[in-house]
Amino acid sequence: MFAWFAKAFSRIKDSIRYKEKVSPEAIRILAAELCELAQMAEMFANEEATPIDRIKRIQSETGQLIELTGKAEFRRLSVQRRLELHESLVDSKRHLLNTMQATPVATDVIQ
């Protein structure tokens, strides 16, 4: 019984600690930022350096995620799942920014 109580207390403590990161609104905002970055990456993408199909997939998946955060099913996900989702979005954002920075410029002329 004490083990169950300790687990429940730990889950509540984690929920409070990660509430800002795992709230549906925070994940929706992060997904929207990632979707906007993917749109910009698509506009400036060089077909040899940037995989366009990956950018399109990011756009579609973040669009689905934005829709999902507004539904009640998303609120039923565990704190651990939502925290993993948050970390995955942050990691995807970091990779997309690195890809955008590595894309060669279209012209040699400094503007």
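This one's a predicted model, so the numbers in the text were calculated from it and none came from an experiment.

Draft legend 1. Spatial organisation of the overall build of the protein. On a plain count of helices and strands, the protein comes out with six helices and zero strands. Taken from the N to the C terminus, the helices and strands of the protein come in the order α-α-α-α-α-α. Here the protein holds 111 residues, and the buried ones make up 25% of them. Contacts in the protein between residues far apart in sequence, at least 24 positions, make up 77% of those at least 6 positions apart. Looking at the protein as shown, the accessible area adds up to about 8400 Å², and 56% of this sits on carbon and sulfur atoms.

Draft legend 2. Representation of the pattern of salt bridges within the structure. As enumerated under the stated definition, the model contains five salt bridges in all. The salt bridge involving Arg75 is made with Glu25; its shortest N-O contact spans 3.6 Å. Separated by 50 residues along the polypeptide, Arg75 in helix 5 (residues 72-75) and Glu25 in helix 3 (residues 24-44) bring together distant segments of the chain. The salt bridge partner of Lys93 is Glu33, with a shortest N-O separation of 2.8 Å. In this pair, Lys93 is assigned in helix 6 (residues 79-102) and Glu33 in helix 3, connecting sequence segments 60 residues apart.

Draft legend 3. Quick peek at helix 6. The end-to-end C-alpha distance of helix 6 is 35 Å, a good match for the 34 Å that 24 residues give at a rise of 1.5 Å each. Considered for burial, the residues of helix 6 that qualify are Val79, Arg82, Leu83, His86, Leu89, Leu96 and Thr99.

Draft legend 4. Up close: helix 3. Along its 21 residues, helix 3 runs 30 Å from first to last C-alpha, staying within 8% of the 30 Å computed at 1.5 Å per residue. Here helix 3 has its buried residues at Pro24, Ile27, Leu30, Ala31, Leu34, Cys35, Leu37, Ala38 and Ala41. Down the axis of helix 3, the sector holding all buried residues measures 165°, keeping them to one side. Away from its buried face, by an angle of more than 90 degrees, helix 3 presents the exposed residues Ile29, Glu36, Met43 and Phe44. The inward-facing, buried residues of helix 3 contact helix 2 (19-22), helix 4 (52-69), helix 5 and helix 6.

About the cut-offs
- Residues numbered from 1 in each chain as written.
- Predicted model: local features only at pLDDT ≥ 70, side-chain atom pairs only at ≥ 80, totals over all residues.
- Heavy atoms only, no water.
- Helix = DSSP H or I, 4+ residues; strand = E, 2+ residues; numbered from the N terminus.
- Buried < 20%, exposed > 50% of the residue type's maximum accessible area, 1.4 Å probe, protein only.
- Contact = heavy atoms within 4.5 Å.
- Areas by Shrake-Rupley, 256 points an atom, 1.4 Å probe, with all protein chains shown as cover.
- Salt bridge = Lys/Arg side-chain N within 4 Å of Asp/Glu carboxyl O.
- Expected span 1.5 Å × (residues − 1).
- Arc of directions from axis to C-beta.

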